[in-house]
Amino acid sequence: MSTADAASLKRRYDEVSPKYDQGGPNAMAIKLFWLTYEHLTWKPVEALLPRDGTSWRVLDAGGGGGKFGTRFAEAGHHVTVLDISPGMLEGARAQFGVKGLLDRVTFVEGNVAALDLPDAAFDLVFCEGDPVSYCLDAYPSAVKELVRVAKPGAPVVLGVDNRYEAFSGALKMGRPEEAFRTLQDGRTTCPYGLPVHAFTVRELEQAVAAAGAELLEIFGKPVMFFDMLKAMAAARGGSSDKPWDAWAAREEILAMQEKLAHEGFAVLGQHFQVMARRRA
């Protein structure tokens, strides 16, 4: 990530940090989408955590407002929340404080493509959302840095943008030329208008291997979500007087999404989640 790119990213997230994670429209489908996204993100990570009371050192890189960092701390682990934006770190500090978890966290301002952290320092490295995608052409360096600070054998979990989703989204919004450019080079924009790199599965496989990690799985999250909701609504019946209650069916929706996410539909996911492990 260039100095100019990093400065733009830092400035934009400082601007949005007071309202970050407050959510968008209160439509039920949007609420269900984000519930599903967080469920699909967290469940495979939670399964990696020790059950014997051992406290891990966890890096939450690009940790934003502390949404997932607080979960690690609540599970008894010490979290280093790293973010390029001081405003986002202040939001995270507030979340940890509200939950009484400040004794389990360290806050670091930094860039995921050039981590000022020691080698092999963490039992788990977690980088969710767009931090690696924001690195644009420097994403191989970011993946290498995130693997470098993981202990040998430690899990490395990355969330990144999906090129097919970016391509199809631009088409749906009536921007075919933009869609074609994205298909060619992966360049698109995030919801805050900043440039990001949207990945192919092959790019992720190559980046993980070059960084010295073993790839365990790449899955999509959520997968075909809004189309699935439409299909479920039709299959479950309902009427204009008494429509199908999607919120009441959320456990079934989560179960279906969990199954689909791990059955080869990764390219149809809104994001990719990369599950890897630093080679011992």
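Look up a bit, the structure's there.
Residues numbered from 1 in each chain as written. Predicted model: local features only at pLDDT ≥ 70, side-chain atom pairs only at ≥ 80, totals over all residues. Heavy atoms only, no water.

J.: Account for the packing of aromatic side chains, with residues named and values stated.
T.: Remark: the centre distance and the inter-plane angle together describe each pair of aromatic rings, the angle taken between the planes. Scanning all chains against the criterion turns up 12 aromatic pairs. Taking 5.3 Å as the distance between ring centres and 85° as the angle between the ring planes, the aromatic pair formed by Phe225 and Phe226 counts as edge-to-face. A relative accessible area of 37% means that Phe226 is categorised as partly exposed. A network of ring pairs unites the aromatic residues Phe33, Trp34, Tyr37, Phe225 and Phe226 as a single cluster. (Phe/Tyr/Trp six-rings, centres within 6.5 Å; stacked < 30°, edge-to-face > 60°. Buried < 20%, exposed > 50% of the residue type's maximum accessible area, 1.4 Å probe, protein only.)

J.: So what's going on with the pairing of strand β7 (residues 195-199)? Which residues, and what values?
T.: For β7, the tally of buried residues reaches 4 of 5 residues, placing the bulk of the element in the interior. As paired strands, strand β5 (residues 155-162) and β7 are joined by 2 bridges and run parallel to one another. Bridging from a neighbouring strand, Asp161 pairs with Ala198 of β7. A loop of 5 residues connects strand β6 (residues 187-189) with β7, the two strands running antiparallel in sequence, and Gly193 in this loop sits at a positive phi of about 85°. (Helix = DSSP H or I, 4+ residues; strand = E, 2+ residues; numbered from the N terminus. Pairing = 2+ DSSP bridges.)

J.: Before we move on, could you go through unusual backbone geometry and cite the residues and values that matter?
T.: Working note: non-glycine residues mostly have negative phi, and peptide bonds are mostly trans. One non-glycine residue, Leu136, lies in positive phi territory at about 55°. As for its position among the elements, Leu136 is in the loop between α5 (131-134) and α6 (139-148). At Met224, a residue that is not glycine, the phi angle is positive and equals roughly 50°.

J.: Any chance you could break down the pairing of strand β1 (residues 57-61) for me, citing the residues and the numbers?
T.: It is a general feature of regular strands that their side chains alternate between the two faces of the sheet. Counting buried residues in β1 gives 4 out of 5 residues, a clear majority hidden from the surface. Note that the unit made of β1, helix α3 (residues 69-74) and strand β2 (residues 78-83) has a crossover that is right-handed. Alignment of β1 against strand β4 (residues 124-127), held across 3 bridges, turns out to be parallel. Across the sheet, the residue bridging to Asp60 is Phe126, located in β4. (Right-handed = clockwise from strand over helix to strand, strands pointing away.)

J.: Account for the pattern of salt bridges, with residues named and values stated.
T.: Evaluation of the coordinates by the stated rule reveals 15 salt bridges. Between Lys67 and Glu38 there is a salt bridge; the shortest N-O distance is 2.8 Å. Here Lys67, found in the loop between β1 and α3, pairs with Glu38, found in helix α2 (residues 28-46); they are 29 residues apart in sequence, far enough to count as distant. Of the charged contacts in the structure, one is a salt bridge between Glu258 and Lys43, with a shortest N-O distance of 3.1 Å. In this pair, Glu258 is assigned in helix α11 (residues 250-261) and Lys43 in helix α2, connecting sequence segments 215 residues apart. Glu258 sits in the partly exposed class, given a relative accessible area of 25%. Accessibility expressed as a relative area gives 40% for Lys43, which makes it partly exposed. (Salt bridge = Lys/Arg side-chain N within 4 Å of Asp/Glu carboxyl O.)

J.: So, the nonpolar core: which residues are in play, and what are the values?
T.: Formed by 36 residues in total, the largest nonpolar core has its most connected members in Leu59, Val125, Val132 and Leu146. Going through the elements one at a time, β1, β4, α6, β5, α9 (201-210), β8 (213-223) and β9 (269-278) are the ones with two or more residues in this core. The leading source of residues in this core is α6, at 5 residues. Those residues in contact with Val125 that sit more than four places away from it in its chain are Leu59, Leu146, Val149, Ala150, Pro155, Val156 and Val157. The next biggest cluster of nonpolar side chains, apart from the first, holds 34 residues, and it includes Leu49, Val81, Val223 and Met228. (Core = buried A, V, L, I, M, F, W, Y, C linked by side-chain atoms within 4.5 Å. Contact = heavy atoms within 4.5 Å.)

J.: How would you explain the side chain of His271 if you had to name every residue and give the values?
T.: Tracing the sequence through the fold places His271 in strand β9. Residue His271 is classed as buried on the basis of its relative accessible area of 6%. Engagement of the side chain of His271 in a polar contact is seen with the side chain of Tyr37, the distance being 2.9 Å. Sequence-distant contacts of His271, that is, excluding residues within four places in its chain, are made with Tyr37, Gly129, Asp130, Val160, Asp161, Asn162, Phe219, Gly220 and Lys221. (Polar contact = N/O pair within 3.5 Å; in protein donor to acceptor, adjacent residues only side chain to side chain.)

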